[in-house]
Amino acid sequence: MLRKLLIILLVFQFTACAGLQQVVDYIPLPTTVGLPNTDIASGLREALNVGIEKQVGKLTQQDGFFKNELVKITLPEELKKVDKALRRIGLSSLADEGLKVLNRAAEDAVKEATPVFISAVKEIKFDDAKTILLGNNTAATDYLTSKTEATLYQKFQPVIKKSFSKVGADKIWANLIQKYNKIPFTKLVNTDLTDYVTTEALKGVYKMIAIEEEQIRTRLSSRTTDLLRTVFALQDK
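Residues numbered from 1 in each chain as written. Predicted model: local features only at pLDDT ≥ 70, side-chain atom pairs only at ≥ 80, totals over all residues. Heavy atoms only, no water.

1. Some words on the overall build of the protein chain
Rules: Strands are runs of DSSP state E lasting at least 2 residues, helices are runs of H or I lasting at least 4, and numbering of each runs from the N terminus. Only protein chains enter the accessibility calculation, which uses a 1.4 Å probe; a residue is then buried when its area is under 20% of its type maximum, exposed when over 50%, and partly exposed in between. For accessible areas, the Shrake-Rupley method is used with a probe of radius 1.4 Å. Any residue's cover is judged against the shown protein chains and nothing else.
What the protein chain contains, in helices and strands, is nine helices and zero strands. For the protein chain, the α and β elements follow one another from N to C terminus as α-α-α-α-α-α-α-α-α. A buried classification covers 43% of the 237 residues belonging to the protein chain. Just so you have it, the protein chain exposes about 13,800 Å², and 58% of that area is on carbon and sulfur atoms.

2. A few points about unusual backbone geometry
The phi torsion at Asp63 lies on the positive side, around 75°, for a residue other than glycine. By relative accessible area, Asp63 is classed as buried at 18%.

3. So, the environment of Lys130
Following the sequence through the fold, Lys130 ends up in helix H5 (residues 129-133). The partly exposed category is assigned to Lys130, whose relative accessible area is 32%. A sequence separation of 92 residues divides Lys130 from Thr38, and the C-alpha atoms of the two residues are 9.6 Å apart.

4. Quick look at the packing of helix H6 (residues 139-166) against helix H8 (residues 193-218)
In plain terms, the rule: Orientation is described by axes fitted as lines to C-alpha atoms, over the contacting stretch for helices, and by angles from 0 to 180 degrees between their N-to-C directions. Put simply, angles under 35 degrees are roughly parallel, angles over 145 are roughly antiparallel, angles from 65 to 115 are roughly perpendicular, and the rest are oblique. In a left-handed crossing the near helix is turned counterclockwise from the far helix by less than a right angle, and in a right-handed crossing that turn is clockwise. Residues are grouped as follows: Ala, Val, Leu, Ile, Met, Phe, Trp, Tyr, Cys and Pro are nonpolar; Asp, Glu, Lys and Arg are charged; all remaining types, including Gly, are polar.
Orientation of H6 relative to H8, taken along the N-to-C sense of each, is 140°, at an axis distance of 8 Å. Here H8 runs oblique to H6, going by the angle between their axes. Classified by chirality, the crossing of H8 by H6 is right-handed. Of the residues assigned to the contact of H6 with H8, the class counts are 15 nonpolar, seven polar and five charged.

5. A few points about the nonpolar core
Note the threshold: Here, the term nonpolar core denotes a set of buried Ala, Val, Leu, Ile, Met, Phe, Trp, Tyr and Cys residues that are joined through side-chain atoms within 4.5 Å.
By size, the foremost hydrophobic cluster in this structure holds 67 residues, and its most contacted members are Leu44, Phe126, Phe156 and Trp173. Where this core is concerned, the elements lending two or more residues are helix H2 (37-59), helix H3 (77-88), helix H4 (92-123), H5, H6, helix H7 (169-181), H8 and helix H9 (226-232).

6. Considering H7
The α-helix winds at 3.6 residues per turn, so residues separated by three or four positions along the chain end up facing the same way. Our working definition: Each helix should span, by expectation, one fewer than its residue count multiplied by 1.5 Å. To be clear, the arc concerns the directions from the helix axis to the C-beta atoms. When checking whether two residues touch, look at their non-hydrogen atoms; a contact exists if any pair is within 4.5 Å.
Taking 1.5 Å as the rise per residue, H7 with 13 residues should run 18 Å; its terminal C-alpha atoms sit 18 Å apart, in good agreement. Among the residues of H7, Ala169, Ile172, Trp173, Leu176, Ile177 and Tyr180 are the ones counted as buried. Considered in projection along H7, the buried side chains sweep an arc of 130° and stay on one side of the axis. Those residues of H7 that are buried are in contact with H3, H4, H6 and H8.

7. Structural notes on the side chain of Thr141
One can find Thr141 in helix H6. When neighbours within four sequence positions are excluded, Thr141 is seen to be in contact with Leu48, Tyr206, Ile209, Ala210 and Glu213.

8. Brief notes about the packing of H2 against H8
Close contact between H2 and H8 brings their axes to 8 Å; oriented N to C, the two are set at 125°. Compared by their axis directions, H2 and H8 come out oblique. The two elements H2 and H8 meet at a crossing, and its hand is right-handed. Counting all contacts with H2, which are made through Leu44, Ala47, Leu48, Val50, Gly51, Ile52, Lys54, Gln55, Val56 and Leu59, the residues of H8 involved are Gly204, Val205, Met208, Ile209, Ile211, Glu212, Gln215, Ile216 and Arg217.

9. Description of the environment of Leu202
Structurally, Leu202 can be placed in helix H8. When neighbours within four sequence positions are excluded, Leu202 is seen to be in contact with Phe117, Glu149, Leu152, Tyr153 and Phe156.

10. Overview of the packing of aromatic side chains
Rules: Each aromatic pair joins two rings of Phe, Tyr and Trp (for Trp, the six-membered one) with centres within 6.5 Å, and gets the label stacked for planes under 30 degrees apart, edge-to-face for over 60, and tilted for any other angle. Whether a charge sits over a ring depends on NZ of Lys or CZ of Arg being within 6 Å of the ring centre and within 35 degrees of the ring normal.
Within this structure, the stated rule accounts for two aromatic pairs. When the centroid spacing of 5.8 Å and the interplanar angle of 65° are considered together, the rings of Phe117 and Phe156 count as edge-to-face. Residue Phe117 is found in helix H4, and its partner Phe156 is found in helix H6; the two are separated by 39 residues along the sequence. Here Phe117 matches Phe156 in class, with each residue buried. Taken together, a centroid distance of 5.3 Å and an interplanar angle of 25° make the contact between Phe126 and Tyr143 stacked. Separated by 17 residues along the polypeptide, Phe126 in the loop between H4 and H5 and Tyr143 in helix H6 bring together distant segments of the chain. As far as burial versus exposure is concerned, Phe126 and Tyr143 are alike and both buried. The ring of Phe66 carries the charged tip of Lys72 above its face, separated from the ring centre by 4.7 Å.

Shown next as structure tokens:
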């Protein structure tokens, strides 16, 4: 009899604790849950700006693109045959230089265009900031991309074109294409490298911003301001 009574008491205690836990789970979180959309939006903008400062800044250094496998610009598909053909006839060093200057142009261009990205972040409207905050680890960057990519392309392309000339990429690739087109039985190539590098450089910028956003979301130590700590506490689980 005593044994049965103890079992009943244990079951009651367990179910009571489970019920209490359910009640606790439904208690609203303090302070952060009540943050207005404007404050959350400010926190998201700050996270994106930190990404530009800490991660995109790395791209502006020499080899920022070229030695970063996450964003390194490789040849477009139609130019891989050019690279292969030139190496086959002993022009490997020229082919190597051609690849390097594409990345050099991106590095130089991002340096000049960084204010464009900062301005884009400042002007972006987060219509439902809380939904974005509670989204995946790159939700803010994904939103920034969807809202700014087309506009930034138009602003970024002339900078890339200028950088092509500055680092000598235009002349190197004119020489490369000319030599390739003289190889017997090859199909003539005339690729718009400015368009290609602009697109790839933008992808690299967004990817590096996303890396910093993910760190802010997953590492408390990456939340270096009161605003970041307050806002991103809301999405912690």
